[in-house]
There are 4 protein chains.
Amino acid sequence: MGNSFGTLFRISTWGESHGGSVGVVVDGCPPGLPLTVADLQLELERRRPGQSKITTPRKESDTVEILSGVHDGHTLGTPIALNVRNRDARPEAYAEMQEKFRPSHADYTYQMKFGRRMPEGGGRSSARETIGRVAAGAIARKILKAANDIDIVAYVETVHDITMSPMDAFPERAAVDATPVRCPDPATAERMVDRIKEVRARGDSVGGIIRCRIRNLPPGLGAPVFDRLEADLAKAMLSIPATKGFEVGSGFAGTAMTGSEHNDPFESAAGGVRTQTNNSGGVQGGISNGEELYFRTAFKPTATILQKQDTVNTAGENVTLQGRGRHDPCVLPRAVPIVEAMSALVLVDHWMRQFAQNRSFAFSS
Amino acid sequence: MGNSFGTLFRISTWGESHGGSVGVVVDGCPPGLPLTVADLQLELERRRPGQSKITTPRKESDTVEILSGVHDGHTLGTPIALNVRNRDARPEAYAEMQEKFRPSHADYTYQMKFGRRMPEGGGRSSARETIGRVAAGAIARKILKAANDIDIVAYVETVHDITMSPMDAFPERAAVDATPVRCPDPATAERMVDRIKEVRARGDSVGGIIRCRIRNLPPGLGAPVFDRLEADLAKAMLSIPATKGFEVGSGFAGTAMTGSEHNDPFESAAGGVRTQTNNSGGVQGGISNGEELYFRTAFKPTATILQKQDTVNTAGENVTLQGRGRHDPCVLPRAVPIVEAMSALVLVDHWMRQFAQNRSFAFSS
Amino acid sequence: MGNSFGTLFRISTWGESHGGSVGVVVDGCPPGLPLTVADLQLELERRRPGQSKITTPRKESDTVEILSGVHDGHTLGTPIALNVRNRDARPEAYAEMQEKFRPSHADYTYQMKFGRRMPEGGGRSSARETIGRVAAGAIARKILKAANDIDIVAYVETVHDITMSPMDAFPERAAVDATPVRCPDPATAERMVDRIKEVRARGDSVGGIIRCRIRNLPPGLGAPVFDRLEADLAKAMLSIPATKGFEVGSGFAGTAMTGSEHNDPFESAAGGVRTQTNNSGGVQGGISNGEELYFRTAFKPTATILQKQDTVNTAGENVTLQGRGRHDPCVLPRAVPIVEAMSALVLVDHWMRQFAQNRSFAFSS
Amino acid sequence: MGNSFGTLFRISTWGESHGGSVGVVVDGCPPGLPLTVADLQLELERRRPGQSKITTPRKESDTVEILSGVHDGHTLGTPIALNVRNRDARPEAYAEMQEKFRPSHADYTYQMKFGRRMPEGGGRSSARETIGRVAAGAIARKILKAANDIDIVAYVETVHDITMSPMDAFPERAAVDATPVRCPDPATAERMVDRIKEVRARGDSVGGIIRCRIRNLPPGLGAPVFDRLEADLAKAMLSIPATKGFEVGSGFAGTAMTGSEHNDPFESAAGGVRTQTNNSGGVQGGISNGEELYFRTAFKPTATILQKQDTVNTAGENVTLQGRGRHDPCVLPRAVPIVEAMSALVLVDHWMRQFAQNRSFAFSS
C-alpha cells in the first residue's frame, strides 16, 4: 500500500536500491503523445548518480526500457511500464548495516513496520525509488508543455546557510543545469559547491531548500475541499525522501503580515483578470488563479555521514556505527528533477480532473 | 471530486456556508465504539463561531444530528452521517460580493473552475465546511485514545510576530483552551489577544502558526513511498482553508544544520528503542518511530478585511470593494480543533492500514 | 468501507432501515445542471413502498431534501447531499428478530462481520438503503439525457416461471410503468400479478429477471482491462440486494453457440460503423461499440416469508421463526428504478473518464 | 485508467500482446510470505499457450522474473513487480488486421476509444494481459492457503452444449488438471475435447461455463453495500476477456424457485452455525457466511475463427476478412487459472479489509 500516486494519471512505482530493478507503471496517460526513450533518459540523466563532482560516485547509467504502452513512437492510452536495472549494487558494503540501524534513516522504522527489511542501500527507502517518479514525470511534463506551454522549473535556492537573492524573471532551465548544484545564480552556486565540498571533506552533510516555479497554468485547476492544488503538491513534496517542509506563496513568512498587506488585489488586464501581487502563490481556495504558482520545499541534511554515531543493533543493544559507502553530501542538486517530476504529475492529474467534471458536459441552463 | 479524505477511515463532507446544512459521512468506522452526540458537540463547541470576544459574532449553535451508523450508543460499523443545519445565514449581506470578487478569497477561482458559484459567505469555500471534519475527527480521536492512549494537542504558537517560547512538557488541553486564543502560555496569550483586537479595530487581520503534538504513537504507522505519514499530514494541513505552509520535526530550520547535528542517535531504553534527540519529529522514512510526532502549520492573515480594496467585478471591470460582514480577525483559535481533527483522521487511517497489511496474516517462515 | 460507488461521479450512501434517515452524497457532479426536488422525487416514487397492491404496505412518502450542492435551481459542482427521513419505523415489530437470525437474510453475516447489528428491518442491509442510489441515479440520468439523449429503460422480463416474449422495439418507459409489475407486455404483466398475489396468499415469495436496455450510447465508454463497462455494470447489479446473476448480450445462452454464429459482423451504415447482429450486447473488449447495450439481472425470491422456518438464535440454539411484518412478495417491480439508477451511475462515470483521458489533450502527432 | 484492481491488495497490470513484455505490480502484499519464482511459474504453466493439443500453438514459455519486493525468499511488504517477456511475436501475421476490424474483437472499440491501437494480436485487449493476473493470483492463493487453508478450485463445467453432471465432493485440483480441457469428469472431458477438435477442424470455435468453488472461507468477508463479496467477484469475472455472464449460488435458476424453496435454514452444528442448504452460494447480504462459496462464469465462443467474415476497414468500407493465425478454438481450459486468480485477489483484499475495520481496534463497551 502507498506506492501509487494520482487519481486519473496514476503512477505505481516499484523497486529496491540493490534489488533487480526499479520502475514505474503509468496508468491513464492520454493516447497519441509522441514518446521515445530519449524523452525519459533526458530527465533521468539529471537525477542519476555520478553526474558531477558533488554527487555520489555510485556508477549507474540508469538506462530505461519501455516495456509497454508505446507503439510506433506514440502512447497508446494503455499502461506505460518503465524499467531501470540496478547495476552497481554492492550488497557486501552493507554487512554492518544489516545489524545496526543507521540514525535518521528508515532502517528502524521499516523493521518495525514490516518485521523485516532489505538492508542493502536502504532497500525500498532508498532515493533510487524516485527513478520511476522522474521517468513518469518526464511524460507528464511533455503533456503539460503540449497542452498549454506550461513550464515547471525548480532550482536550489538555499544550501545550508547560503541563499541566493530573489529572482524575478522566470528561470531558464539551462541556467539551472549550468551549475553542478543547480542554482541559477553562478556566484551563489560556487559558494554552495564550496560548502558541500567542505562538509564532505569532514564526513558531514548539508541540506537546503528548493524553489519550484510554474508558469502558464490556466485558472481552475485544483479540487477543493481536500484535493486542493496546494494540498496535493504538499503531499507530493513530503513524499520525497529527506523532505521536512513545504510552503506555497508567502508561506511561513506570510504569517507575519496583516491581511491588508497580504491580500492580492485583482485588476483587469490584457489577458483577463490578474492580481497585482502574488502572495497567494498562484492558488486561491485550493484552485489555480492563473498567476505563477510557486512553492518551496525543505530538505534535511543527508542522514548518511562518514562519522562514528551512537545507535542500537537489531538485538536492541547500544553500539556505535562508522558510516561508510558512497553517498551524496547534499541531495538537493539531484532532487531538483524529482521536485519537478512530482509537480508535473500533480498538475496533469488535476488538468484531467478539471476536464472530466467541468468540460465533459455542457448544459444549457 | 475532491470532497473525500482517507482510504480506510474515509470521510466525505458536504455543504455550503449559507445553504441548508453542512455535514459529513464517515465510512469505515470500526463497530462497537461508544458514541454520543455529546462526544461530537464537545469538539464542535471549540470550532463554532461566537465562542469568544476575538471570534466572529455569527450566531451558530452548530448542533449536530447523527443520521445513521449509531445504534444503542455504539457505532455499527456502517456509515455515520452527521448533519449540522445552518441557522444564522444572511444572504442579503453578500449582495455586493455577488458582483465583485473578494481579493485573496476563492470567489474568482470557483467562478473560473465551475462557471458558477454560491456567493453567500463563500459557499463551499467557507470554513464552515470544516464542521464535518471536526465532527468526524472527534470520532477518530476517541478511537485513538481507546487504542493506545494517543493524545493529539495543537495550540497557537505564533500570532503575527508574537511567538511563545518553546514548551518542553506535553501540553494539557485544558491549558490550551483556558485562553481565548488557544495559546497555553497565558502571558503570550494575552499579548496575542491584544494584537488581534488592535488589528480588528482598524479593520485588518493577522495570521500565525499552529503547532500540533502527538504522543503515544506506536512505531510503524505510515505507508511509503507516497503515503508517508508526514506526506498525508501535509496534505491534511494544506487542505484546511487559509494554510500556506507545513513543516515536520526540524522543518525549514533544519536545513541550516549539518547531518551530524541533525541526526537523531538511537539508544536502548526501558520502553524499547528511543532516539536521543527528535529532529525527525517522530517520523523516519515516512513511518512513525515511536517518538513524539510534531509539526507546524502556517495560516495566512484572514482575507476578509473591513477596508476598501481594489478588485474586479464579474464583468471584468476594475472596481473597489468595501469589506463588510462578520468575520474572524484571526482564524487560528478556531483552527486548533480543525488541525487536531485532520491529524486524527490521518492517524486512524494509517493505523487501520498498518493492521491490514502487517497484522492480518502471520506467516511461519 | 464499501459504501461508495464510482470514480469520478462518486456516491456515498448512508442509513439504516429504521434509523434516523437514509441518504447519499454525490461528489463530482458537473456544475450547471438544472436540478429540483421534483426531478428526484419522480424516481423515488417509482421505488417507494406502498405504490401498488403488490408491494409492501409500509407507509413511507420518501420525501427527499437537498441539503447542499444546488443553488438557484442548478448544480454547483460541489457535493450534493440528499436526505430522506424514515417515518413508518416500527422497531417493536422486530423483537423476535433481535434474537433469531432470519434465513437467507443478512442478520447472521452482519453479526459475524461487525460483532453487532441493528436488528430492526435489517438495519443497513435493508433495501431502504437503495433510496440514496435512486436519488443519485436520477441526477445521472438527467446528465446522460442532456449529453447524448441516452435512454435507460429496465423492465421485468420474468417473474417466477412467467416470461414475456422478446421485444424488439426499444420500450417506452410509460408502458413499463403502466403495469404494477413493470412488465411492458400487459397480458404477461397480468399473469405475473396473479402469480405474485397467489404466492403472497400462502405466505410465500417469488423472484425473477429484469432486463435493462440502453440506447444512444456513443462508442468508446469503458476502461479496460479491469473497469470494463460490463464489469462495472456487473458489480453495480450484484451490489443490489437480492441479486444472484448478471449477463450481458448473449450471456449464458451464448455459450451454446459457435463463434461463427455468435460473432457480430460489422457493416458500414449511415450513422457510421454498425454490427449486423448484437450478440455482444453493445460492448466489445470492455468498451461500448455504439449498439444498444442490454443486460439481464437475476433476483432471488424475497427472503422474508410468512411461514415457520428453522433457524438459530444468537445463543447458537436451534429454534423456529414465524415470519411476520410488512414485505414485498416480489421485489422486482420496485427494483426496476434501482437497476436503472445503478446503470446511469456507471455510465456517467465512464463518460467522464473517457473525456478525462481521451479528450482533455489533443496532440499533433 | 482501469488497469488496477483491488483496494488493499492492489494489482496494476501492463503490456500488449506483441509488445516488449506483460507484467504486474502488486502493492499491499503482507511481508514475510515465502515466495519463489517456482510458485508463480506453477500457475503460469496452467495458463500458457501450447500446453495441450487443444490450445493455441503460439510458443511462449511465459517465464516470469521477479523485479522487486522479494528478498531472501520472502516478501518484503513492498511492491512486487513481475515481468514476462513476449517471445513468439509475429507482427507480420497481423498486416490485414491493421486495416480491417475483426468481428466481435476489440479492434473497433479500442480505435474508437483511443483514436489508435496496436493491431498485432489485439495489443492490450489480448488475453496475454491476464498473465499478470495469474502471477499475482498465485501470491494471493498462497496467502489464503496459509491464512485459513482456503482452497479455490475452478473447472470447466460446460463446453458448447456438453455439461458435466453436478459434483458434490469438493474437486481435487489434480483431477481438474488431469484432462486437457480441465473438466474433472474424464468421460465428459473426452466429449468436450472431441467437440473442440471438431469445431476447430471446420475453422470454428466454442464457448462454455466455468464453475468456481471455494472452501474454508470464514464468515464475515465482504463490504456492503457496494463492495459485496459477490459484487466484487462479478466485476472480477466480467473483467476477464470473453466473459458474458456471472451467477452466484442459485443464480438465474433460482429465479424459478419460491422463497420457501430457496431460503437456506440455519442450524447449529459442530463448527458453529451452518445452513441446511446452500442456495445462497456462501454469501448473504454481500458477506460470506462460512459455507462453500460457488459461482459460475459464462465465456462466449472465441471471436477468432478461420472463416471468411463480413466487416469494415479503417476507411469505413465494407470488406471481407479471412481469419488466420494461431488461436484457441475454446478459451475455457486456459481460463480456469484466470478465474481462480481473480477470485483469490478478491478474497485476499476482503480479508485485509475485514481485518482493518473489524479487528484493528477492540472497544470495551
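Only a predicted model underlies this, so the values are computations on that prediction, with no experimental measurement involved.

A few points about the overall build of chain A
Inference 1: What chain A contains, in helices and strands, is 9 helices and 18 strands.
Inference 2: Its C-alpha radius of gyration of 21 Å places chain A within 12% of the 21 Å reference for a compact globule of 365 residues.
Inference 3: Dimensions of chain A, computed from the C-alpha atoms along their principal axes, are close to 70 × 50 × 40 Å.
Inference 4: Per-residue burial for chain A yields a buried fraction of 67% across its 365 residues.
Inference 5: Of all intrachain contacts in chain A linking residues separated by at least 6 positions in sequence, the fraction that spans at least 24 positions is 71%.

Describing the interface of chain D and chain C
Inference 1: Across the boundary between the two partners, chain D contributes 95 residues, which contact 95 residues of chain C.
Inference 2: A breakdown of the residues in the side of chain D that touches chain C according to their chemical character gives 35 nonpolar, 42 polar and 18 charged.
Inference 3: Sheet analysis places strand β11 (residues 243–248) of chain C next to strand β11 (residues 243–248) of chain D, joined by 3 bridges and oriented antiparallel. Bridge assignment links F246 of chain C to a residue of β11 of chain D, and that residue is F246 of chain D.

So, the nonpolar core
General note: in soluble globular proteins, nonpolar side chains tend to be found buried as a group.
Inference 1: In this structure, L345 of chain A, L345 of chain B, L345 of chain C together with L345 of chain D are the most contacted members of the largest nonpolar core, which totals 399 residues.
Inference 2: Not counting residues within four places of it along the chain, the set of residues in contact with L345 of chain D comprises F5, G6, F9, I11, A136, G137, A140 and A236 of chain D.

So, the relation of the copies chain D and chain A
Inference 1: Rotating chain D by 180° and moving it 0.0 Å along the rotation axis overlays it on chain A with an RMSD of 0.0 Å. Taken together, the rotation and translation describe the operation of a two-fold axis.

Section: the interface of chain D and chain A
Inference 1: Taken together, the contact between chain D and chain A spans 36 residues of the former and 36 residues of the latter.
Inference 2: Counting residues per element, the ones that place at least two in the side of chain D that touches chain A are β2 (10–15), β3 (21–27) and β7 (80–85) of chain D.
Inference 3: In terms of residue count, β3 of chain D provides more of the side of chain D that touches chain A than any other element does, 4 residues in total.
Inference 4: Of the residues assigned to the side of chain D that touches chain A, the class counts are 12 nonpolar, 19 polar and 5 charged.

Considerations on the relation of the copies chain D and chain C
Inference 1: Taken as rigid bodies, chain D and chain C are interconverted by a rotation of 180° and an axial shift of 0.0 Å, the fit giving an RMSD of 0.0 Å.
Inference 2: Looking at chain D, 100% of its interface residues are interface residues in chain C too, so the copies touch through the same face.

A look at the sheet that holds strand β4 (residues 64–66) of chain A
Residues and elements named next belong to chain A.
Inference 1: Ordered in space as β1-β2-β3-β7-β4, the 5 strands form an open sheet in which the pairing is antiparallel. At either margin of the open sheet sits one strand with a lone partner, and together these are β1 (4–5) and β4.
Inference 2: As paired elements, β4 and strand β7 (residues 80–85) share 3 bridges and run antiparallel to each other. Paired with I66 across the two strands is L82, which belongs to β7.
Inference 3: Relative to strand β3 (residues 21–27), helix α4 (residues 130–148) is tilted by about 35°, and along the sheet it contacts β2 (10–15), β3, β4 and β7.

Here we look at the pairing of strand β17 (residues 308–312) of chain C
All names here are of chain C.
Inference 1: Relative to strand β18 (residues 318–322), β17 runs antiparallel, the two sharing 5 bridges. Bridge pairing links K308 to Q322 in β18.
Inference 2: Where β17 folds back onto β18 in an antiparallel hairpin, the turn is made up of 5 residues, including G316, whose phi is positive at roughly 85°.

Description of helix α1 (residues 37–47) of chain C
All names here are of chain C.
Inference 1: The set of residues buried in α1 consists of L40, E43, L44, R46 and R47. Viewed along the axis of α1, the buried residues span an arc of 155°, placing them on a single side of the element.
Inference 2: Lining the buried residues of α1 we find β4 (64–66), β7 (80–85), α4 (130–148), α5 (173–177) and α9 (332–358).

Some remarks on the packing of helix α4 (residues 130–148) of chain B against helix α9 (residues 332–358) of chain B
Residue and element names in this part refer to chain B.
Inference 1: Here α4 crosses α9 at 55°, and the two axes come no closer than 7 Å. Relative to α9, the element α4 lies oblique. As for the relative orientation of α4 and α9, their crossing is left-handed in sense. Here T130, R133, V134, A136, G137, A140, R141, I143, L144 and A147 of α4 lie close against α9, whose contacting residues are P337, I338, E340, A341, M342, A344, L345, L347, V348 and W351.
Inference 2: Per-class residue counts for the contact of α4 with α9 are 15 nonpolar, 2 polar and 3 charged.

Here's the deal with the environment of N289 of chain D
Inference 1: You can see N289 of chain D is positioned in the loop between β15 (287–288) and β16 (293–299).
Inference 2: Once the C-alpha coordinates of N289 of chain D and A95 of chain D are considered, the two residues, 194 residues apart in sequence, prove to be 53 Å apart.

What to know about the environment of A242 of chain B
All names here are of chain B.
Inference 1: Checked against the element boundaries, A242 lands in the loop between α7 (229–238) and β11 (243–248).
Inference 2: Considering only alpha carbons, one finds A242 and V331, 89 residues apart in sequence, at a separation of 8.3 Å.
Inference 3: Setting aside residues up to four positions removed in sequence, A242 forms contacts with F299, K300 and V331.

A word on the packing of α1 of chain C against α4 of chain C
Residue and element names in this part refer to chain C.
Inference 1: Relative orientation of the contacting elements α1 and α4 amounts to 135°, with a least axis distance of 9 Å. Looking at the two axes, α1 sits oblique to α4. As α1 runs across α4, the sense of the crossing is right-handed. Contacts between α1 and α4 involve D39, L40, L42, E43, L44 and R47 on the former and, on the latter, T130, I131, V134, A135, G137, A138 and K142.

Here's the deal with the confidence of the model for chain A
Inference 1: Residues of chain A with pLDDT of at least 70 account for 98%, and the chain-wide mean is 94.
Inference 2: Model confidence for the complex is summarised by a pTM of 0.98, with the ipTM given as 0.98.

A short note on the sheet that holds strand β1 (residues 4–5) of chain B
Residue and element names in this part refer to chain B.
Inference 1: If you walk across this open sheet you meet the 5 strands as β1-β2-β3-β7-β4, and the pairing is antiparallel. The open sheet has two free edges, formed respectively by β1 and β4 (64–66), since each of these has just one partner strand.
Inference 2: As paired elements, strand β2 (residues 10–15) and strand β3 (residues 21–27) share 6 bridges and run antiparallel to each other. Looking at the pairing, T13 lines up with V24 of β3.
Inference 3: Running at roughly 150° to β4, helix α1 (residues 37–47) makes contact with β4 and β7 (80–85) of the sheet.

Structural notes on the environment of G271 of chain C
Inference 1: Structurally, the position occupied by G271 of chain C is in the loop between β12 (266–269) and β13 (272–275).
Inference 2: On a C-alpha basis, the gap between G271 of chain C and A356 of chain C in space is 25 Å, while along the polypeptide they are 85 residues apart.

A look at helix α7 (residues 229–238) of chain A
Inference 1: For α7 of chain A, a buried count of 10 out of 10 residues is recorded, marking the element as mostly surrounded by other parts of the structure.
Inference 2: For α7 of chain A, every residue scored as buried is listed here: L229, E230, A231, D232, L233, A234, K235, A236, M237 and L238 of chain A.

Quick look at unusual backbone geometry
Inference 1: Following P224 of chain B, the chain continues to V225 of chain B via a peptide bond in cis, the omega torsion being 10°.
Inference 2: By the element assignment, V225 of chain B lies in the loop between β10 (208–215) and α7.
Inference 3: Although it is not a glycine, S104 of chain A adopts a positive phi angle of roughly 60°.
Inference 4: As for its position among the elements, S104 of chain A is in the loop between α2 (95–99) and α3 (107–114).
Inference 5: Classification of S104 of chain A as buried rests on a count of 30 C-beta atoms within 10 Å.
Inference 6: Of note, D149 of chain D is a non-glycine position whose phi angle comes to about 60°, a positive value.
Inference 7: Take D149 of chain D: it is sitting in the loop between α4 (130–148) and β8 (151–159).

So, how was this worked out
- Along each chain, the written sequence defines residue order, and numbers are assigned to residues from 1.
- By the order in which they are written, chains take letters starting at A while ligands take numbers starting at 1.
- Selection of residues for local features in this predicted model requires a pLDDT of at least 70, selection of side-chain atom pairs for listing and counting requires 80 or more, and totals for whole chains, interfaces and linings are taken over all residues.
- Helix and strand assignments come from DSSP, with helices taken as H or I runs of at least 4 residues and strands as E runs of at least 2, each series counted from the N terminus.
- Radius of gyration: C-alpha atoms only; globule rule: 2.2 Å multiplied by the number of residues to the exponent 0.38.
- Exposed residues have 12 or fewer other C-beta atoms within 10 Å of their own C-beta, buried residues have 20 or more, and partly exposed residues fall in between, where C-beta atoms are placed from the backbone.
- The contact criterion used is a C-beta to C-beta distance within 7 Å, with each C-beta placed from the backbone.
- Under the scheme applied, nonpolar residues are Ala, Val, Leu, Ile, Met, Phe, Trp, Tyr, Cys and Pro; charged residues are Asp, Glu, Lys and Arg; polar residues are all the others, including Gly.
- Each pair of strands is called paired provided DSSP finds at least two bridges between the two strands.
- As used throughout, a nonpolar core is a set of buried Ala, Val, Leu, Ile, Met, Phe, Trp, Tyr and Cys residues joined through C-beta atoms within 7 Å of each other.
- To superpose the copies, least squares is applied to the C-alpha atoms of every residue with a pLDDT of at least 70 in both.
- Working convention: axes come from line fits to C-alpha atoms, limited for helices to the stretch in contact. Angles between N-to-C directions cover 0 to 180 degrees.
- To be clear, the arc concerns the directions from the helix axis to the C-beta atoms.
- When describing relative orientation, an angle under 35 degrees is termed roughly parallel and one over 145 degrees roughly antiparallel, while 65 to 115 degrees is termed roughly perpendicular and anything else oblique.
- Definitions for this section: a left-handed crossing has its near helix turned counterclockwise from the far helix by less than a right angle. A right-handed crossing has that turn clockwise.
- Per residue, pLDDT captures the predictor's confidence, and it can take any value from 0 to 100.

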